[in-house]
Every structure is written in C-alpha cells, then in structure tokens.
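Below, each chain spelled out in residue letters.
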Amino acid sequence: MAEVKIDPSWKAVLEPEFQKPYWESLTSFVRSEYVATSVYPPAKQIFRAFDLCPIDKIKVVIIGQDPYHGTGQANGLSFAVNEKVSLPPSLKNIYKEIQSDLGITPLSSGDLTRWAQQGVLLLNSVLTVRAGVPTSHKGKGWEEFTDAVIKTLSQNRKHIVYLLWGKYAQTKGEIIDPEQNLILKSGHPSPYSANLFFGHHHFSRCNEYLVKNGLEPIDWR
C-alpha cells in the first residue's frame, strides 16, 4: 500500500487506520477518481489541514462537510477558499459574525491558512469531491477516517474548543468528551440557516476558554 503523506504527529496516532480494509478501498477509489476526472482539492492538499496543524498544536476544531466543488476553490481547509477567490456565502457569514462578536474586521482573503497556523483544525468530514458534483465522495470511507481523527483527538488532547455548526457537525461531534473540552453548537453559517448561526458569540467564548486554560487566544482576523 502506498505511504500516506501526512504530518508525522498525525501519522503516528492514525497509523492503525491506514491498516484497515476501508482505507485500502478508499484510497483506491480516490486514486481512480483523480486519474479519470477532475477532483478537488489538488491531491497534494488533501491532508493540508493536518499538515498545517500538528496534533499537539491544536486549540480549536471547526468541522465542515465536504470540499467546495467549484474551480480553484478548495484548498484542503474547511470553509476556506484559495487566495483571490470570491468568498462563499458561508464564509461571508462567518466573517460577519466575527465582526459582530469581536468588533474586528477579518481580512478580505478566504484562505484561512492564517487560522490553521495558530492551531485551528479546519476539518472536512469528507476530504475530496468530484468537480461540479457536491457530496460525490460521500460514503466512500472518508467519514470513518475523520471520525477516527476526532476520536483520537478527544482521547489524546484536552482543552480544545470544538465549533459544531449545523446538525451534520453536531452528529459528527458526539464522540467528543464534553468534560475535557468546550463544545459550542449553533446553526450552520449557510444562508439557509444563518439566522440560527448569528449571535452565539462563539469566537469570543472560544478565546475566553483558551485564555482561562493558559493558551494564547486565536487572532480571528
């Protein structure tokens, strides 16, 4: 089986997953998709969220669903888009809430590398998608892998803030230990449910919790 190119700290804890039968069928499917059609993000960016955020550096986890399926959008970080790509509606609403909650104006760029480098794991449940076909790689094994990521994180680390926006993320987060971490829930920032997302002050509450536990707050700009 081909070696998995992922940050060493993650590789060490996730190695058992890479030996399971589902992983073999998942990687075989994903490889064939990249050969046969256009798939996002670019193959080298599939594990970018992990590469920017070693397991011991994580302070916050934001769970998304699957990558954007438009040209040049997806870059391996949930909710983020590449530099100079116009902001998707959900990210616009996240920026609006940051402005309202913290009184700061986020940068105009939708590339959230700046958050990831501070310890924000921007984790999609499904890590790849066929161009123009949303949720096309759903049910192929990625969900099992990302469940293992969340479980491993909950078992190995504490004092992490989990931002669970929408029912999908909340279901995904049921395995997190609420005693050892801060779990914040609201509606999804998509325009369809933004009224259930705005006004929960997740960004200020997140930073208050981090500071209380002796950690640097996140600069959400």
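Because the structure is predicted, anything quoted here is derived from the model rather than measured. (Residues numbered from 1 in each chain as written. Predicted model: local features only at pLDDT ≥ 70, side-chain atom pairs only at ≥ 80, totals over all residues. Heavy atoms only, no water.)

**Examining the sheet that holds strand β2 (residues 60-64)**
Reasoning step 1: Taken in spatial order, the four strands make up an open sheet running β3-β2-β5-β6, and their pairing is parallel. The open sheet has two free edges, formed respectively by β3 (120-124) and β6 (182-186), since each of these has just one partner strand. Neighbour to neighbour, the strand axes of the sheet diverge by 20° on average, direction disregarded.
Reasoning step 2: Pairing geometry for β2 and β3, over five bridges, is parallel. Directly across from Val-61, in β3, lies its bridge partner Leu-121. (Pairing = 2+ DSSP bridges. Helix = DSSP H or I, 4+ residues; strand = E, 2+ residues; numbered from the N terminus. Axes fitted to C-alpha atoms, helices over the stretch in contact; angles between N-to-C directions.)

**Comments concerning the environment of Leu-215**
Reasoning step 1: Mapped onto the elements, Leu-215 comes out in the segment after α8 (202-212).
Reasoning step 2: Between the C-alpha atoms of Leu-215 and Ile-183, which are 32 residues apart in sequence, the distance is 17 Å.
Reasoning step 3: Every residue in contact with Leu-215, bar those within four places of it in the chain, is listed here: His-159 and Leu-210. (Contact = heavy atoms within 4.5 Å.)

**Describing empty space enclosed by the protein**
Reasoning step 1: Considering all chains together, one arrives at one cavity of 30 Å³ or more under this definition.
Reasoning step 2: Considered as a void within the structure, the largest cavity measures approximately 30 Å³ in volume.
Reasoning step 3: Every residue lining the largest cavity is listed: Gln-65, Asp-66, Val-126, Thr-135, Lys-138 and Tyr-168.
Reasoning step 4: Along the lines of polarity and charge, the residues of the lining of the largest cavity split into two nonpolar, two polar and two charged. (1 Å grid on protein atoms, 1.4 Å probe; cavity = no way out; pocket = protein on both sides within 12 Å on 5 of 7 lines; lining within 4 Å. Points joined across faces, edges and corners; volume = space filled by probe spheres on them. Nonpolar A, V, L, I, M, F, W, Y, C, P; charged D, E, K, R; others polar.)

**With respect to the layout of surface pockets**
By rolling a water-sized probe across the atoms, one finds the places where empty space is left.
Reasoning step 1: The computed volume of the largest pocket comes to approximately 520 Å³.
Reasoning step 2: Around the largest pocket, the lining comprises 28 residues; the ones closest to its centre are Gln-65, Asp-66, Pro-67, Tyr-68 and His-188.
Reasoning step 3: Among the residues forming the lining of the largest pocket, the class breakdown is 14 nonpolar, 13 polar and one charged.
Reasoning step 4: Empty space within the second largest pocket amounts to approximately 440 Å³.
Reasoning step 5: In terms of lining residues, the second largest pocket is bounded by 16 residues, among which Glu-3, Lys-5, Ala-43, Ile-46 and Phe-47 are the most central.

**A closer look at the side chain of Gln-73**
Reasoning step 1: Relative to the assigned elements, Gln-73 resides in the loop between β2 and α4 (89-102).
Reasoning step 2: From its side chain, Gln-73 meets the backbone nitrogen of Gly-70 in a polar contact 3.0 Å long. (Polar contact = N/O pair within 3.5 Å; in protein donor to acceptor, adjacent residues only side chain to side chain.)

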